[in-house]
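Examining the three-dimensional arrangement
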Amino acid sequence: MTALITLNNISKTFLTEEIETRALNNINLVINKGEYISLSGQSGCGKSTLLSLLGLLDSPSAGHYHLGEADVSSLTRNQRAKIRSEQIGFVFQSFNLISDLTVFENVMLPLTYQSGLSKAEIVEKVESVLAKVDMAHRKSHYPSQLSGGQQQRVAVARALVNDPAIILADEPTGNLDSKNAEAVLQLFDQLHQEGATICMVTHDAASAKRASRCLEMFDGQLIKDNINHDRQTILKPVVLAAG
Ligand SMILES: Nc1ncnc2c1ncn2[C@@H]1O[C@H](COP(=O)(O)OP(=O)(O)OP(=O)(O)O)[C@@H](O)[C@H]1O
Ligand SMILES: [Mg+2]
């Protein structure tokens, strides 16, 4: 197994008007390539804070974070933004699509920060991820013309378009009815089978069990770390060349 993310003694403290909140307290965690992780725990235990650090939206108050080989613990905001645009795909509970851009334009957005792609390459990438989430037929629609489930599938496409090293999802099914939630979870199952690395925050026990590894937090700490043996990807045996 190859470590994609290594957290050593990560803590995060927020200071607001003389109140100090220790949102994360000495987190140690290794996430391997290809893992599908669920992160649960009661409200306020630090799940979103941990996801923001993993996604380089914020930096830790103490400790070390390695993404691949690189130490990304104490980068500037701009350095974090660059790595984030290249390596991280985010999916939020409230979809966060831009209302005056079409589906196609929303999904294309992360690619516009990448230099060196031709227009044809951009079109090809966007169309291929839209096909993957079964939204190619809606590419000229605006977000307000789509159902919540469709908007979330577009948001997943936007997260995928850069071929990120990891997909981070904070309650991705929290605003969806059960049918649409299932469609998004099936999409994550499929991405996991194809080798994607995913970390999903969820309140729902049944959704959490879809992951290959279930983490639980309490009061800023990781208190459970269970491998889900039923949900491992089927790894193809390595065939060694003769001689
Ligand atoms: N920007 C911030 N400034 C001050 N305190 C914060 C900030 N962000 C989070 N916190 C505090 O850190 C703690 C952890 O918050 P976090 O949002 O990570 O919880 P959570 O597990 O995602 O909860 P929920 O399930 O309700 O989304 C909470 O006590 C919260 O009030
Ligand atoms: Mg949260």
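Look up a bit, the structure's there.
What comes next concerns the included structure. These numbers were taken from a predicted model, which means no experiment stands behind them.

Okay, the pattern of salt bridges next. A complete count under the given rule lists 11 salt bridges for this structure. Between Arg213 and Glu35 there is a salt bridge, with its nearest N and O atoms 2.9 Å apart. Of this pair, Arg213 sits in strand β9 (residues 213-218) while Glu35 sits in the loop between β2 (19-32) and β3 (36-40); the two residues are 178 residues apart in sequence, bridging distant segments of the chain. Judged on exposure class, the residue Arg213 and its partner Glu35 are both buried.

Another point: the sheet that holds strand β1 (residues 3-16). Within the open sheet, the 4 strands sit side by side as β2-β1-β4-β5. Their pairing is antiparallel. Sheet topology places β2 and β5 (70-71) at the edges, where each strand pairs with a single neighbour. Strands in contact with helix α1 (residues 47-54) are β1, β2 and β4 (62-67); relative to β1, the strand with the most contacts, it is inclined by about 120 degrees.

With that out of the way, let us pick up the sheet that holds strand β6 (residues 88-92). Taken together, the 6 strands give an open sheet; going across it, the order is β6-β7-β8-β3-β9-β10, and neighbouring strands pair in mixed fashion. This sheet does not close on itself; its edge strands, each paired only once, are β6 and β10 (221-227). Mean inter-strand twist for the sheet, computed between neighbouring axes without regard to direction, equals 15 degrees. With 6 bridges joining them, β9 and β10 adopt antiparallel strand pairing. Pairing of Arg213 across the sheet is with Ile227, part of β10. Together, β3, β6, β7 (166-170), β8 (198-201) and β9 form the strand contacts of α1, whose direction differs from that of β7 by roughly 155 degrees. Sheet contacts for helix α5 (residues 148-160): β6 and β7; angle to β6, the most-contacted strand, approximately 165 degrees.

Definitions and limits used
- Residues numbered from 1 in each chain as written.
- Chains lettered and ligands numbered in written order.
- Predicted model: local features only at pLDDT ≥ 70, side-chain atom pairs only at ≥ 80, totals over all residues.
- Heavy atoms only, no water.
- Salt bridge = Lys/Arg side-chain N within 4 Å of Asp/Glu carboxyl O.
- Helix = DSSP H or I, 4+ residues; strand = E, 2+ residues; numbered from the N terminus.
- Buried < 20%, exposed > 50% of the residue type's maximum accessible area, 1.4 Å probe, protein only.
- Pairing = 2+ DSSP bridges.
- Contact = heavy atoms within 4.5 Å.
- Axes fitted to C-alpha atoms, helices over the stretch in contact; angles between N-to-C directions.

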